[in-house]
Amino acid sequence: MRVLENLEPKAVFSFFEDLCAIPHGSTHTKAISDYCVAFAKARGLEYYQDDANNIILKKPATAGYEAAAPVILQGHLDMVCDKAPDCTKDMETEGLELAIDTEKNEVYAKGTTLGGDDGIAVAMALAILDAADLPHPALEAVFTTDEEIGMLGAMALDASPLKGRILINIDSEDEGVFTVSCAGGNMSKCCLPIAREHFSGTRYTLSIHGCLGGHSGQEINKGRLNPCMALGRILYTLGQKTSFRLISVAGGTKDNAIPTNATAELIAKDGAAVAAVAAEYGRRFAVEFATADPDIAVEAAAAGDANADTMDKETTRKVVCMLTALPNGVQAMSADMPGLVQTSLNLGILKTTEARVEANFCVRSALDSQKEMLKDRLACLMGALGGSVEYSGDYPGWAYKKDSILRERMVEVYKDQYGAEPKVEAIHAGVECGLFAGKLAGLDAVSFGPNLRQIHTFRERMEIGSVQRTWKFLCEVLRRMH
């Protein structure tokens, strides 16, 4: 017996359950991509599948809509795979175990992420392509891959088969919120080569922990501490108190997240100075971040006398300078949309290898010119220190379109269905609409979706009633696109 077979709309939940039975974490999307190909073949639909497993499915307009502009329905095939500590499921080879919380009217997966982000988009699009009784213009459903690890599928997609310049992206997690603009960005890895020498003294682990962290786009304006950058402040002060050499610096685990902790391994001549500086910065941060990040702790733990190879004096100085002087955080706010961050960057991963220190920044801006400005600032400082910057994953911003037929139509339908105004917003984070806007000149796009909670965690939930309302909304939007 299928778990979701009694839920409405039946077609949407049926396709969603099919998708959940296929393992489809990022980089493992061939099977789910092939499922979409089989779907198209069974219905005689035109389709394209590329080497990245991206899919384009096309369906002609229904009667009366032949002259209407084509509409693109877009979502991504991959999901974030996360599971509870006691869950034994192999998410690379096993499908999800779906369940319904009847009290809360929610769908979830037992012990794992649900993949509502973004399986629900694919399920809705397939249900529309499968339906014989829904009026609509010509449709082009685009399902990309590896969105969760840098929108790699959208970057690789050949958009030339697409005729539409109206795109409905179904990859938002809050019902009633229409996203109409986003930042572009890149990953900038600042690299500083290491020279070594022998140094003796007391070995210490200097650590900063208890930070809130957060999403480097959506929460960069919350005033939280970046502990990797904070190491620079502490080490610069320490250098004024005693002679020391760095062994390593490290912190953060994701490019697009504000780190929650950072550490520096070092050898110092004066242990009392290390303890005193750590204690002083614990007090300073408690005052500076009393509201925004109240649980920060700074500690220095001694590991006894050491006589070992460390970074030499000049490399230590350069690392401290790098962590003190590199830009980080909000750089500019939007003048057009109050409260919106326009340009920022975040040091997400700091690590030390045998050959170099690497500081990985996620750079974001709604203006490509300011994104380039930050690339230049990083390159200028790193060049002065004898280092370099490596760039990857560059993607364009999605500019706000003042005259949007799609946005007007969606707002109109929303007001008719819900009796209220939707929230129309721009976000300081990357979404695939930005990449499509860069590939399809003059694109008119809006992103929306049903309520999804705690996505990317094994506590993820999808609200059944919200799926029902957003499905009705989507069908009505398409009906009015003539």
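Per chain, residues are indexed from 1 in the order of the written sequence. In view of the model being predicted, local features appear only for residues whose pLDDT reaches at least 70, and side-chain atom pairs are presented and counted only at 80 or more, with totals across whole chains, interfaces and linings using the full set of residues. As a rule here, side-chain values come from all non-hydrogen atoms in the structure, and water together with hydrogens is ignored.

(A) The arrangement of the overall build of the chain in detail. A run of H or I in DSSP becomes a helix once it reaches four residues, and a run of E becomes a strand once it reaches two; helices and strands are each numbered from the N terminus. Looking only at helices and strands, the chain has eleven helices and 23 strands in total. We compute the radius of gyration over the C-alpha atoms and compare it with the globule rule, which gives 2.2 Å times the number of residues raised to the power 0.38. Scaling as 2.2 N^0.38, a compact globule of 482 residues should have a C-alpha radius of gyration of about 23 Å, and the chain matches this with 25 Å. Its C-alpha atoms put the chain at 80 × 50 × 45 Å along the principal axes. Burial statistics for the chain: of 482 residues in total, 54% are counted as buried. Carbon and sulfur atoms make up 50% of the accessible area of the chain, which totals about 19,900 Å². Here the chain carries 48 positive and 65 negative side-chain charges, and the mean point of each set is 4 Å from the other. Relative accessible area decides the class of each residue, using a 1.4 Å probe on protein chains only: under 20% of the type maximum gives buried, over 50% gives exposed, and in between gives partly exposed. Accessible surface is estimated by sampling points in the Shrake-Rupley manner with a 1.4 Å probe; for residues, cover comes only from the protein chains shown. None of His or the chain ends enter the tally, which takes Lys and Arg as positive and Asp and Glu as negative. Think of each charge as sitting on NZ of Lys, CZ of Arg, CG of Asp or CD of Glu.

(B) Structural view of the sheet that holds strand β4 (residues 98–101). Pairing between two strands is assigned when DSSP locates at least 2 bridges connecting them. The antiparallel open sheet is built from four strands, whose spatial order is β4-β5-β23-β22. Only two strands of the sheet have a single partner each, and these edge strands are β4 and β22 (452–453). Here β4 pairs with strand β5 (residues 106–109) via four bridges, running antiparallel. Bridge pairing links Asp101 to Glu106 in β5.

(C) Structural view of the nonpolar core. Definition of nonpolar core: a set of buried residues of the types Ala, Val, Leu, Ile, Met, Phe, Trp, Tyr and Cys, connected through side-chain atoms within 4.5 Å. One finds Leu57, Leu73, Phe143, Ile168, Met462 and Leu474 to be the most contacted residues of the largest nonpolar core, which totals 64 residues. Among the elements that take part in this core, helix α3 (residues 116–130) stands out by supplying ten residues, more than any other. Note on contacts: a residue pair is in contact if any heavy atoms of the two residues lie within 4.5 Å. When residues no more than four places from it in sequence are discounted, the contact partners of Met462 are Phe13, Phe16, Asn105, Glu106, Val107, Leu114, Gly116, Ile120, Asn451, Leu452 and Val467.

(D) Structural view of the packing of aromatic side chains. Ring pairs shown here join Phe, Tyr and Trp side chains whose ring centres sit within 6.5 Å, with only the six-membered ring taken for Trp; geometry is labelled stacked below 30 degrees between planes, edge-to-face above 60, and tilted in between. Counting across every chain of the model gives eight aromatic pairs. Taken together, a centroid distance of 6.0 Å and an interplanar angle of 70° make the contact between Phe285 and Phe289 edge-to-face. Both residues of the pair, Phe285 and Phe289, belong to the buried class. Taking the centre distance of 6.2 Å and the plane angle of 75° together, the rings of Tyr414 and Phe473 count as edge-to-face. Taken together, the positions of Tyr414 in helix α9 (residues 405–418) and Phe473 in helix α11 (residues 464–479) put the pair 59 residues apart, joining distant regions of the chain. Each of the two residues, Tyr414 as well as Phe473, counts as buried. Members of the aromatic cluster, joined through ring pairs, are Phe178, Tyr414, Tyr418, Phe448 and Phe473. Distance and angle both matter: a charge sits over a ring if NZ of Lys or CZ of Arg is within 6 Å of the ring centre and within 35 degrees of the ring normal. Above the ring of Phe458, the side-chain terminus of Arg459 is found at 4.8 Å from the ring centroid.

(E) Expanded view of unusual backbone geometry. For the bond from Glu8 to Pro9, the omega torsion is -5°, close enough to zero to count as cis. In this structure, Pro9 sits in the segment before α1 (10–20). Between Asp117 and Asp118 the backbone carries a cis peptide bond, its omega angle lying at 15°. Along the chain, the position of Asp118 falls in helix α3. Of note in the backbone geometry, His456 takes a positive phi value of approximately 70° without being a glycine. Relative to the assigned elements, His456 resides in the loop between β22 and β23 (461–463). When its relative accessible area of 33% is taken as the criterion, His456 is described as partly exposed.

(F) Looking closely at helix α8 (residues 368–384). Given a rise of 1.5 Å per residue, 17 residues ought to cover 24 Å, and the 24 Å separating the end C-alpha atoms of α8 matches this to within 8%. Every buried residue belonging to α8 is among Gln370, Lys371, Leu374, Lys375, Leu378, Leu381 and Met382, and all of these are buried. Down the axis of α8, the buried set is contained in an arc of 150°. They therefore lie on one face. Opposite its buried face, α8 presents the exposed residues Ser369, Asp376, Cys380 and Ala384, each directed more than 90 degrees away. Backbone geometry just downstream of α8 places Gly386 in the positive-phi region, at approximately 85°. Given the number of residues in a helix, its expected span is that number minus one, multiplied by 1.5 Å. As used here, the arc belongs to the directions running from the helix axis to the C-beta atoms.

(G) Structural detail: helix α7 (residues 313–325). The end-to-end C-alpha separation of α7 is 18 Å, in line with the 18 Å expected for 13 residues at 1.5 Å each. Among the residues of α7, those classed as buried are Thr315, Thr316, Val319, Val320, Met322 and Leu323. For α7, the arc enclosing every buried residue in end-on projection is 160°, short of the 170-degree limit, so these residues lie on one face.

(H) Expanded view of the pattern of salt bridges. Any carboxyl oxygen of Asp or Glu within 4 Å of a side-chain nitrogen of Lys or Arg constitutes a salt bridge here. Evaluated as defined, the whole model comprises 32 salt bridges. Between Lys189 and Glu358 there is a salt bridge, with its nearest N and O atoms 3.9 Å apart. With Lys189 in strand β9 (residues 184–193) and Glu358 in strand β18 (residues 356–365), the pair connects residues that are 169 residues apart, well separated along the chain. Note on Lys189: relative accessible area 24%, which makes it partly exposed.

(I) Layout of the pairing of strand β21 (residues 444–447). Across the two faces of β21 the burial is the same, with Asp444 and Val446 and Ala445 and Ser447 all buried. Here strand β7 (residues 166–169) pairs with β21 via four bridges, running parallel. Following the sheet pairing, Ile166 is matched in β21 by Asp444.

Any functional reading would require information that these geometric values do not contain.
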